[in-house]
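Chain and residue survey
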Amino acid sequence: MASWLEALDRRAQLRAKAGLTRRLRPRAATDPVADLAGNDYLGLAHHPAVTAAATEALHRYGLGATGSRLVRGSTDLHTTLERTLADWLGAAGALVYSSGYLANLGAVRALVRPRTLLVSDAHNHASLIDGCRLSGAQTVVTPHADPAAVEAALAAAPGRPAVVVTESVFSVDGDLAPLAELHRVARRHGALLLVDDAHALGVRGPGGAGAVVEAGLAGAPDVVVTATLSKALGGLGGLVAGPAELIRHLVETGRTFIYDTALPPAVAAGVLAAADLARDGEALRTELVGRADAVVRHLGRAGLDVSAPAAGVISVTAPGPEAAAAWAADCLDRGVAVGCFRPPSTPDNRSRLRLTINVGVPRDEFDRALDVIVETAP
């Protein structure tokens, strides 16, 4: 009876030997660590207007939504949030999910019909990868940010419905996808373009509307946008935005929407307040860009291999998984939280620290954090 537990323990031993052990590290509400690991890019999670809106909604609606959206989980706050997001992204409609992961699973599945070919970037997030796998559709994985490879994959399947799947700002190295060129390639072959704009919403584009708007693709009938509400907006949840027909299809058939408890109303209220702040947050975006540039300069001068950031994500190469884990642990011991990305989380089997900009971190703490990263480098 214990053989399955022994098998799990053996697999854990093998992960530990490869430097791939992962541990939960709970933090207190008053955690003093300088946060260069989370995704609260604009520092809105603790903004007084955001927490006040969530608190007021918490008292009015209670802790949870109490049901799925089609039962009792839809509130006026959910509807207002969806209209606000659709307007911001220039889309005909938007649908809010309880997580960005579920939004991606639902979006990919909704776009698949018989004989559909999915063309997925090699650096796509796990939620997009799982969406492709769970859809049951044939999937071709193309080299990272390579429109020519996408063109070749589509050309090899003439007459088949197809979807090009990509992130806008990629979650590992923080680079920007060539969205306009990918859209031209997709349109030439009658394919749809699905863009996960999670790391660009609130950070790039006019009024922080994201990379899809920035690329001039807002409202295009062959473009579908997904995103999370948990990064620049500091909250929780995900969204799918696109044509009204797609939103109706998701409401009526999308399993990750229909059978999931709705986003808590208090979170929806907080995200609404955060969206208003983000749309008017040019000063915050300017500060984020300045800090990202400072990271590249500071760490580059120290001889570290640093990616060129397109938004708030920056990658720093580590010699290997054990070195990356030890580096991150040393940083944390000195009061700096950084991300540690190792296989299988990395698409190229390269280990790195992932730094994320949070403009809510006081500038003196931010600058000290960069010194700590350099001083603890392997």
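Refer to the structure above for everything that follows.
Presented here is an overview of the structure given in this document. (Residues numbered from 1 in each chain as written. Predicted model: local features only at pLDDT ≥ 70, side-chain atom pairs only at ≥ 80, totals over all residues. Heavy atoms only, no water.)

**Things to note about the overall build of the chain**
Heads up, the rule is: The helix and strand labels rest on DSSP assignments: H or I over at least four residues marks a helix, E over at least two residues marks a strand, and numbering proceeds from the N terminus. For the radius of gyration, the atom set is restricted to C-alpha positions; the globular benchmark scales as 2.2 Å times the number of residues to the power 0.38. Buried, partly exposed and exposed residues are distinguished by accessible area as a fraction of the type maximum, computed with a 1.4 Å probe on protein chains only: under 20%, between the cut-offs, and over 50%, respectively. Residue contacts follow a heavy-atom distance rule, with two residues in contact if any of their heavy atoms lie within 4.5 Å. Values of accessible area rely on a 1.4 Å probe in the Shrake-Rupley scheme; residue burial ignores everything except the protein chains shown.
When helices and strands are counted, the chain shows 15 helices and 11 strands. Against the globule reference of 21 Å for 378 residues, the chain gives a C-alpha radius of gyration of 21 Å, in line with a compact fold. Structurally, the chain occupies a C-alpha span of about 55 × 55 × 55 Å along its principal axes. Among the 378 residues that make up the chain, the fraction classed as buried is 51%. Taking all contacts inside the chain whose residues are at least 6 apart in sequence as the whole, residues at least 24 apart take part in 72%. Of the roughly 16,900 Å² of accessible surface on the chain, 55% is carried by carbon and sulfur atoms.

**Quick look at the pairing of strand E11 (residues 352–356)**
What counts is decided by this rule: Pairing between strands is defined by DSSP: at least two bridges between them are needed.
With respect to burial, E11 is a largely interior element, 5 of its 5 residues being buried. Where burial is concerned, the two faces of E11 agree: the one with Arg352, Arg354 and Thr356 and the one with Leu353 and Leu355 are both buried. Note: strand E9 (residues 313–317) against E11, 5 bridges, orientation antiparallel. Opposite Thr317, over in E11, you have Arg352 as the bridge partner. In this structure, strand E10 (residues 336–341) lies alongside E11, joined through 3 bridges in antiparallel fashion. By the bridge assignment, Cys340 is partnered in E11 with Leu353.

**Details of the sheet that holds strand E7 (residues 223–228)**
What counts, and what does not: For every element, the axis is a line fit to its C-alpha atoms; helices are fit only across the contacting stretch, and the angle between N-to-C directions ranges from 0 to 180 degrees.
The 7 strands lie next to each other as E2-E8-E7-E6-E5-E3-E4, forming an open sheet whose pairing is mixed. Each end of this open sheet is capped by a strand with a single partner; those strands are strand E2 (93–97) and strand E4 (138–142). Each neighbouring strand pair of the sheet contributes to a mean axis angle of 20 degrees, computed without reference to strand direction. Sheet topology note: the E2/strand E8 (residues 238–242) ladder contains 5 bridges and is antiparallel. Across the sheet, the residue bridging to Leu95 is Val240, located in E8. Sitting on the sheet, helix H4 (residues 76–89) is in contact with E2, E7 and E8, with an inclination near 130 degrees to E2.

**Here's the deal with the packing of aromatic side chains**
Aromatic rings in a pair are described by how distant their centres are and how their planes are angled relative to each other. Defined as follows: Any two of the Phe, Tyr and Trp rings considered here, Trp counted by its six-membered ring, make a pair once their centres fall within 6.5 Å; the pair's planes then place it as stacked at under 30 degrees, edge-to-face at over 60, or tilted in between. Cation placement over rings: the criterion is NZ of Lys or CZ of Arg within 6 Å of the ring centroid and within 35° of the ring normal.
Overall, the coordinates contain 1 aromatic pair when judged by the stated rule. Just above the ring of Phe366 sits the side chain of Arg291; from NZ or CZ to the centre is 5.0 Å.

**Quick look at the state of the cysteines**
Rules: A pair of cysteine sulfur atoms is labelled a disulfide when the two atoms are within 2.5 Å.
All told, the structure shown has 0 disulfides when counted by the stated rule. Lacking any disulfide linkage, Cys340 is separated from the closest cysteine sulfur, that of Cys331, by 10.0 Å.

**Quick look at empty space enclosed by the protein**
This is how the line gets drawn: Both site types are read off a 1 Å grid over the protein atoms alone. A 1.4 Å probe that fits but cannot get out defines a cavity, while an open set with protein on both sides within 12 Å along at least five of seven lines defines a pocket; lining residues have an atom within 4 Å of a point. Grid points are joined across faces, edges and corners, and a volume is the space filled by probe spheres set on the points. For this classification, the nonpolar set comprises Ala, Val, Leu, Ile, Met, Phe, Trp, Tyr, Cys and Pro, the charged set comprises Asp, Glu, Lys and Arg, and every other residue, Gly included, is treated as polar.
Inspection of the entire model under this criterion finds 2 cavities of 30 Å³ or more. In this structure, the largest cavity encloses a volume near 60 Å³. Lining the largest cavity are Arg69, His78, Val96, Tyr97, Ser98, Thr256, Phe257, Asp260, Thr261, Ala262 and Leu263. A per-class count over the lining of the largest cavity returns 5 nonpolar, 4 polar and 2 charged. Considering only enclosed or pocket space, the second largest cavity measures out at about 50 Å³ in volume. What lines the second largest cavity is Val119, Ser120, Asp121, Thr142, Pro143, Ala145, Asp146, Val150, Val164, Val165, Thr166 and Leu182. Only strand E3 (117–121) and strand E5 (162–167) provide two or more residues apiece to the lining of the second largest cavity.

**Some remarks on the layout of surface pockets**
Over the atoms a probe the size of a water molecule is rolled, and this reveals where empty space is left. Counted as a void, the largest pocket has a volume near 1,600 Å³. Forming the boundary of the largest pocket are 43 residues, of which Arg27, Asp35, Ala37, Gly38 and Ala337 lie nearest the centre. Residue assignment for the lining of the largest pocket shows that the elements contributing at least two residues are strand E1 (34–36), helix H14 (321–333) and E10. Across the lining of the largest pocket, the residue classes tally to 19 nonpolar, 12 polar and 12 charged. Considered as a void within the structure, the second largest pocket measures approximately 300 Å³ in volume. Together, 13 residues line the second largest pocket, and Asn124, Ala126, Pro344, Ser345 and Thr346 are the ones closest to its centre. Of the residues assigned to the lining of the second largest pocket, the class counts are 7 nonpolar, 6 polar and no charged.

**Here's the deal with helix H5 (residues 100–111)**
Formally: Expected helix span is computed as 1.5 Å times (number of residues minus one).
For H5, with 12 residues, the first-to-last C-alpha span of 17 Å sits near the 16 Å given by 1.5 Å per residue. Across the 12 residues of H5, 9 count as buried, placing the element largely inside the fold. For H5, every residue scored as buried is listed here: Gly100, Ala103, Asn104, Leu105, Gly106, Ala107, Val108, Ala110 and Leu111.

**Some words on the side chain of Asp40**
Put simply, the rule reads: When charges are counted, Lys and Arg contribute as positive and Asp and Glu as negative, whereas His and the chain ends are disregarded. Throughout this description, the term salt bridge denotes a Lys or Arg side-chain nitrogen within 4 Å of a carboxyl oxygen of Asp or Glu. As used in this structure description, the phrase polar contact means that two N or O atoms lie within 3.5 Å; if the pair is within protein, one of them must be able to donate a hydrogen and the other to accept it, and residues adjacent in sequence are counted only when both atoms belong to side chains.
Here Asp40 shows up in the loop between E1 and helix H2 (48–61). Buried Asp40, no salt bridge; nearest opposite-charge side chain is Arg27, N-O distance 8.3 Å. There is a polar contact of 3.0 Å between the side chain of Asp40 and the backbone nitrogen of Leu44. Leave out the neighbours within four places in its chain, and Asp40 touches Ala45, Lys231, Gly234, Ile357 and Asn358.

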